[in-house]
Each structure stands twice: as structure tokens, then as C-alpha cells.
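This is what each chain is made of:
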Amino acid sequence: MTHFLFIIGKILVSRMIIHLQQHFLVCSLVSGKKMSLKSERRGIHVDQSDLLCKKGCGYYGNPAWQGFCSKCWREEYHKARQKQIQEDWELAERLQREEEEAFASSQSSQGAQSLTFSKFEEKKTNEKTRKVTTVKKFFSASSRVGSKKEIQEAKAPSPSINRQTSIETDRVSKEFIEFLKTFHKTGQEIYKQTKLFLEGMHYKRDLSIEEQSECAQDFYHNVAERMQTRGKVPPERVEKIMDQIEKYIMTRLYKHVFCPETTDDEKKDLAIQKRIRALRWVTPQMLCVPVNEDIPEVSDMVVKAITDIIEMDSKRVPRDKLACITKCSKHIFNAIKITKNEPASADDFLPTLIYIVLKGNPPRLQSNIQYITRFCNPSRLMTGEDGYYFTNLCCAMAFIEKLDTQSLNLSQEDFDRYMSGQTSPRKQDACLGIKQMYKNLDLLSQLNEQQERIMNEAKKLEKDLIDWTDGITREVQDIVEKYPLEIKPPNQPLVAVDSENIENDKLPPPLQPQVCAG
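Rules used throughout
- Residues numbered from 1 in each chain as written.
- Predicted model: local features only at pLDDT ≥ 70, side-chain atom pairs only at ≥ 80, totals over all residues.
- Heavy atoms only, no water.
- UniProt positions renumbered as here; feature names shortened; annotations may be inferred.
- Helix = DSSP H or I, 4+ residues; strand = E, 2+ residues; numbered from the N terminus.
- Buried < 20%, exposed > 50% of the residue type's maximum accessible area, 1.4 Å probe, protein only.
- Contact = heavy atoms within 4.5 Å.
- Areas by Shrake-Rupley, 256 points an atom, 1.4 Å probe, with all protein chains shown as cover.
- Phe/Tyr/Trp six-rings, centres within 6.5 Å; stacked < 30°, edge-to-face > 60°.
- Core = buried A, V, L, I, M, F, W, Y, C linked by side-chain atoms within 4.5 Å.

Looking up the protein chain in an unreviewed UniProt entry gives the name Rab5 GDP/GTP exchange factor, with the organism given as Papio anubis. Listed under Function (unreviewed entry) in UniProt, the entry text for the protein chain is "Rab effector protein acting as linker between gamma-adaptin, RAB4A or RAB5A. Involved in endocytic membrane fusion and membrane trafficking of recycling endosomes. Stimulates nucleotide exchange on RAB5A. Can act as a ubiquitin ligase."

## Considering the overall build of the protein chain
On a plain count of helices and strands, the protein chain comes out with 21 helices and 0 strands. Here the protein chain holds 518 residues, and the buried ones make up 37% of them. Counted over contacts in the protein chain with a minimum sequence separation of 6, partners at least 24 positions apart contribute 73%. Of the roughly 32,600 Å² of accessible surface on the protein chain, 55% is carried by carbon and sulfur atoms.

## What to know about the packing of aromatic side chains
Scanning all chains against the criterion turns up 16 aromatic pairs. Between the aromatic rings of Phe-179 and Phe-183, the centroid separation amounts to 5.3 Å while the plane-to-plane angle is 55°, which identifies the pairing as tilted. Judged by its relative accessible area of 22%, Phe-179 falls in the partly exposed class. With a centroid separation of 5.3 Å and an interplanar angle of 80°, the aromatic rings of Phe-258 and Tyr-371 are classed as edge-to-face. Taken together, the residues span a long stretch of sequence, with Phe-258 in the loop between helix H10 (235-257) and helix H11 (265-278) and Tyr-371 in helix H16 (residues 365-375) at a distance of 113 residues. Assessed through its relative accessible area of 1%, Tyr-371 is described here as buried. Put simply, the rings of Tyr-254, Phe-258, Tyr-371 and Phe-375 touch in pairs and so form one group of aromatic residues.

## Digging into the nonpolar core
The tendency in soluble globular proteins is for nonpolar side chains to be buried side by side. In terms of nonpolar packing, the biggest core is built from 50 residues, with Ile-325 and Ile-356 touching the most fellow members. Listed by contribution, the elements that provide at least two residues to this core are H11, helix H12 (284-287), helix H13 (296-311), helix H14 (318-340), helix H15 (346-360), H16, helix H18 (384-402) and helix H20 (412-420). No other element matches H18, which puts 9 residues into this core. Once residues within four sequence positions are removed from consideration, Ile-325 is found in contact with Ile-309, Met-312, Ile-372, Tyr-389, Phe-390 and Leu-393. Judged by nonpolar contacts, the second largest core, of 31 residues, contains Val-172, Phe-176, Phe-219 and Cys-259.

## Observations concerning the environment of Phe-219
Position of Phe-219 among the secondary structure elements: in helix H9 (residues 209-229). Sequence separation between Phe-219 and Thr-194 is 25 residues, and the spatial gap between their C-alpha atoms is 8.7 Å. Contact partners of Phe-219, with chain neighbours within four places excluded, come to Gln-193, Thr-194, Phe-197, Ile-245 and Ile-249.

Structure representation (C-alpha cells):
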């Protein structure tokens, strides 16, 4: 059944890969002819229909859901599962009839055998019958539903549930309880159903991750339907309540259902990371990315987009992981808008998103996508900008896995040399870090030239000063030699004017000032 659905699901991814490869080739030809962006659109063109559910319901599809939306995928999955159960039931009945016929034939032909051998055959037949009955029960529709005793046992608190939870879990639990208090009776019923679901999931950890995902999706569907039909809750309030329910239950289930050991998610994470590292040489020009990182604002937007897509791994709630994808996508649109000086289009968005993923190499990308697909509220992935951006991210990852020479318009020889690391594209096509390194080296070279020029001018100035000093010294010496200095004896000191006047005593006294009255 899984192989059957996988074959069906190849249609969407194959169609999108073909579209991406064709439009990369067109973009490269347009670039080679040096046509302007205004005269010919560059980039990848993906029809809106390629992103939608292939059943034609109008919702966004998902490669993880074999190209269906959440609703159609559940319907197809249940149909295939019921068909498989019916086939297994018929097989079990046929095996049982064959065993009974074989046993009856052996009894009639070997009636004279000993009692011990008869008992042995009877024991063997009973053992086979018991196995067939077990197979029937395993594939029966009621095998998924626990008995009343199991449900009662599930209500009993287990040591793992009662153990000390993390600070974040406590905070989310308090926020959830405070949020439900505003809904009074409806809130109490929601809290009760949520607690029962969490306790039931504790006893279902031995199930496969797909079965646990189906339990979560059934819980989302049943709670939302119950609120709309019985509680008459408006759709916008139902969405808010479902967001809080998802936040509460997935915060508590995160460490058990994210990248579980029973899946190959970790192996796929390592494979996609290795693949992205091998493609680190891919340049924006090869992908026809309409982003100019030489513009400071655009470079900041690219860095923010990479930060958001990397931050996705640190979140525990699927809705929060989707929010990181949405923020990353909006930064991409802003970078394209600044570069082109016009609103960005969907044809520009997808190649830029591919470039951001290659540049950032987000950790555990496959596990995060699978986690969102399995446990996110399906309504978020079927409609709205979150669903659109998430679908594009899935397509970007599928394209990276299939990327080849035709996608980048390269020869097989160049592609192999780039992949092996023997060489890399020319300097102007290098990634931002390499370009910045070369830019810094050029700046250092210019500074070195300026320093050498200043040092040469300083030495020249020093030489000029020495020559000027020597010239002045020679001129002074020539003047001194031409006009020698004569040193004359000092003159007689001056005496008082009246020093030789002998008859000073005969002079009248000096006039005295007189005071006149009036």
C-alpha cells in the first residue's frame, strides 16, 4: 500500500522538477543573449496548479501527502487502507480454509496413526488457526480502538506524565489553561478531551509514527468539528482554539515524535545536508536569482532569511516552525522587490528560496518538514500563506535532490568538477563570503599601495629638508667668508651733562610751586 501511494505521489514532484529544469534552461539562454528583465521574464515559472492538490479540490498539495491536500490524502489513505484490510481478510480466510481442508484430508488418510501423533497434529492446527485469527484481528477496523479497560487505564496518571516537566512545558500549560478559561464550559470540555488524548498517546508510543500522526490528525478533525457543530463556535475562534491546542499537545509530545528512531528521518537529514554541502558552489546566476547582494539592504534581507530558516529547527510547535518559513519567505520577497524596484512575483520567489536553502543548509530540514506534515493542524497547510510557503519549501527541497547539469545549464564535465571540489566558478560568480573575501583583499592591496606612496613621499620630503638645511648652511658660510666680522673695542661710557660744571652752587634754586588763592 505504501509503495502504491508512493508511485502515485511521484506525479507532482516529477511535474515540478520538469518545470524547474525547463525554466532554468530558458533563463540561461536569455542571459546568454543579454536580454533585459523587462523584455523577457527570467527565473522559474511554476503554474499555480502544480502547487495545488492533484484531486482538484483547490487546496495546496504536498509531496509528503503524495500530491494531495490533507483532506484528500486522508480520504485516499483510508480507501487504500480499507482495501488492504479487505485483501488481508480474504487472504486470512483463504489460508484458514486451506488449513482446514489439509487437516481434514490428513485425518481421513492417516486415521490409523497413533494418538500421540494425532494430538501433535491437533496442536499444530490450533496454533495455525490462532495465528490466522491474530492476523484477522490485527487488520480489523476495531484494532485501532482500545477497549474500555484500556481507556480507563489510560486515565490513570503514569509516572512519565507526572514527572517534572520543563519550564517551557509548564509555561505553555499555564497559558493554555488561562486561554480556555474565557470559554467556560466549552473550555472545560476541550481541556478534558486534550488530556485524554495526551494520556492515550502515551500508550501508543509503540505504534509507527504514521499511525501516531493519524491519531493526531483525527483528534484535530474531531475537536474542530465538535466545536463547530455542537458548540456553534465561529470559524475564526475555532482557528485560534486549534492553534492553542496544537501548541499545548505538541510541546508535550515533541521529544517523542520529532525525528523518532523508528524512522529514517535522521538518515535523510544527513543525506540532504551532504547534498547541499556538495552544491555550495552554485551561484545566484546559475539559478537565475533576481537578487543583488551587493546592495546592503538586500544583503541584510538575505541574512535574515537564512537566519529564519535555520531558526525553524529550534521551535517545538509546528505552527512556530511554519512561522519561521513564512518570515523567511517575506524577507525573500523584500530582497527581490528592492533589487528589481518592483513587486516580486512567484516566478522569482522559488529560485531565490532554493538559493537560500543552499546557502543556509538548515539543520534537520527533512525532519522538520516531516514533523510539520505529520502533526500540524491540516487547515494551515491547505490554505493561506503558510500553506503556500510550506509547499514551495517542499518543492525546493525536491528540486535540490534532483538538481543536475540541465538544471544549471552546465556541461557534465564542469558539473562533475564542481561537485568533486576540483575547481569552482569564477570569482564574480562566487558566493557572498568569497566575494567579500576578494573585496577585502583588493582593499588591503589599495591600502598597501597608498602606504608605500606616502612612505616614498615622506622620504622625499626628508631628503628635501636635509638638502635645504645644507644649502642654507653653505650660504651662511659664504657670506661670513666674504664679509668677515670685525670686533671693535667698546666706547667710553657716557657721563652726566652737568658733571663738568663747577659753579653749580651759584645757580639759583629751582622754582618752587606756589599756591594761588582764588
